[in-house]
Amino acid sequence: MLQSAKPLHPHPVLVALAGGLSLASLMGFGRFFYTPVLPAMMADLHLDPAQSGLIAAANFAGYLAGAVLAAYGWAAGRERSLALAALAANAVLLAAMGLVSTIPAFVVIRFLAGLASALGMVFTSAIVLSHGLAAGDRRVPVVYFSGVGAGIALSSLLVMGLASLHPTGLAGWRLDWFVAAGFAALAVLAIGPFLPRGGRGGPARPEPPLLWRRPLVALTLSYGLFGIGYVVTATFIVAMAREGGGGRLLEGLTWFLTGLTAMLSLFAWKGLDRTLGILGVYRAALVIEAAGVAATVLLPPPASVLVGGFLLGATFMVVTAYGLQLGRTMAPESPRRSLAMMTAGFGVGQIVGPLAAGWLAGLSGGYGLPSLLAAVVLAIAALATLAAGDHAMIK
């Protein structure tokens, strides 16, 4: 059923929009929906920061497993059907989160959700970015990656809109997960007709093994450190807003601002690569993101979470998009393997980040110490790019 639609070569912008909707579902909801729902889950289920971090880390462990699995040649020629299957699984797993109450159940579901997110991200990226590259349309990656921010912004509006609804016997956070699942299910139907089978090149063939030259090693290390540094704020910023006593409006506004700036960030940064190069934009975004993560600690509330959310949204998709473009350029003979291995490095960082942050928050009594350490890690990630040399200074 998932393979019934067989589009030939839709317009590149339509492909990018379909891909963007896919990322809104897989990432904005499948990956990041946990963030705005987490404070209500912590209050209702009496979860502490360490337990919350464990559930988040399970999702990132699944993401790592999916990224490693996607690196092998078994998927060649089947990217489209696998991407759609991942989208369908994402909808089911979002609904499952509203049906359970125990930490082991949450861990299993979030692990599987991370697996689906990674497979969907890698295979959809391989299709959309290859299609845009073959068409020579520079709008494609910008439109495509803006889908993550759009999904985050929409998810925050959903949570705020449902906050006043308290159906008998149904906790508000459970309803949030069910409605998110409904959005994800509709997304599968909307995406299918516009997602082509692959790039516009020749027939599918297995890619050769990656050649681990110094620039690619440096970039992969930097991307993994980025996973550690960004995920602390991306997981706990709404909980930080609640901890500061800002109320539900501030919680929703913080996450909405993060998503809105993430959605617009690639448009705002577009063109800087012509002067700074792709590597220069990647490095600058890491530095600004480090400042934003530090702001969540150094500024007084509510400015701390609002400024932190704004700078996080303004940079994390820029780092993701430009980082993956760099990876493809550094491994032109094996672009899908490069995407998968960079995503794997990113996944390792994301497992370490919430586990360490939850543990440190429990010890220190707040998110200040883990956030400051995360800012330092992001600064190191920016420095690591210096080892990539001029090879990646693509205009």
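Before reading further, recall that the structure is shown in the block above.
Residues numbered from 1 in each chain as written. Predicted model: local features only at pLDDT ≥ 70, side-chain atom pairs only at ≥ 80, totals over all residues. Heavy atoms only, no water.

Novice: It is not clear to me how the pattern of salt bridges should be interpreted in this structure. Could you clarify?
Specialist: Two side chains with opposite charge may pair up if their charged atoms get near one another. Counted by the stated rule, this structure contains one salt bridge. In this structure, the salt-bridge partner of arginine 242 is glutamate 251, at a minimum N-O distance of 2.7 Å. Taking the relative accessible area as the measure of exposure, glutamate 251 reaches 7% and is therefore buried. (Salt bridge = Lys/Arg side-chain N within 4 Å of Asp/Glu carboxyl O. Buried < 20%, exposed > 50% of the residue type's maximum accessible area, 1.4 Å probe, protein only.)

Novice: What exactly am I supposed to notice about the side chain of threonine 254 here?
Specialist: Along the chain, threonine 254 turns up in helix 9 (residues 247-269). Setting aside chain neighbours within four positions, we find threonine 254 in contact with Ile237, Ala241, Val305 and Leu306. (Helix = DSSP H or I, 4+ residues; strand = E, 2+ residues; numbered from the N terminus. Contact = heavy atoms within 4.5 Å.)

Novice: Would you take a moment to explain the packing of helix 2 (residues 34-45) against helix 3 (residues 49-70) for this structure?
Specialist: Think of two packed helices as two axes; the pair is described by the angle between the axes and how far apart they sit. Packing of helix 2 against helix 3 leaves a shortest axis separation of 11 Å and a crossing angle of 145°. The crossing of helix 2 and helix 3 is right-handed. Taking contact as the criterion, the partners of Tyr34, Leu38 and Met42 in helix 2 are, on helix 3, Pro49, Ser52, Ile55 and Ala56. Split by residue class, the contact of helix 2 with helix 3 holds six nonpolar, one polar and no charged. (Axes fitted to C-alpha atoms, helices over the stretch in contact; angles between N-to-C directions. Left-handed = near helix turned anticlockwise from the far one by under 90°. Nonpolar A, V, L, I, M, F, W, Y, C, P; charged D, E, K, R; others polar.)

Novice: So what exactly am I meant to see when it comes to the packing of aromatic side chains here?
Specialist: Aromatic rings considered in pairs are described by the distance between their centres and by the relative angle of their planes. Per the counting criterion, the structure on display carries 16 aromatic pairs. Ring centres 5.8 Å apart and planes at 70° place the aromatic pair phenylalanine 32 and phenylalanine 316 in the edge-to-face group. Note that phenylalanine 32 is positioned in the loop between helix 1 (12-29) and helix 2 and phenylalanine 316 in helix 11 (residues 303-330), a separation of 284 residues in sequence. Across this residue pair, the class does not change: phenylalanine 32 and phenylalanine 316 are buried. Here the aromatic rings of phenylalanine 106 and tryptophan 173 are separated by 6.1 Å at their centres, their planes lie at 65°, and the arrangement is edge-to-face. Linking phenylalanine 106 in helix 5 (residues 103-135) with tryptophan 173 in helix 7 (residues 172-191), this pair joins segments that are 67 residues apart in sequence. Accessibility classification places phenylalanine 106 together with tryptophan 173 in one group, the buried group. (Phe/Tyr/Trp six-rings, centres within 6.5 Å; stacked < 30°, edge-to-face > 60°.)

Novice: Would you mind showing me how to read the nonpolar core here?
Specialist: If you look at soluble globular proteins, the nonpolar side chains tend to sit buried side by side. Within the largest apolar cluster, 123 residues are counted, with the highest numbers of intra-cluster contacts made by Phe145 and Phe316. Counting residues per element, this core draws most heavily on helix 8 (residues 214-243), which supplies 16 residues. With near-sequence residues (within four places) excluded, phenylalanine 316 lies in contact with Phe32, Val148, Ile152, Phe226, Tyr230, Ala262 and Glu289. (Core = buried A, V, L, I, M, F, W, Y, C linked by side-chain atoms within 4.5 Å.)

Don't take any of this as a statement about function, it's just geometry.
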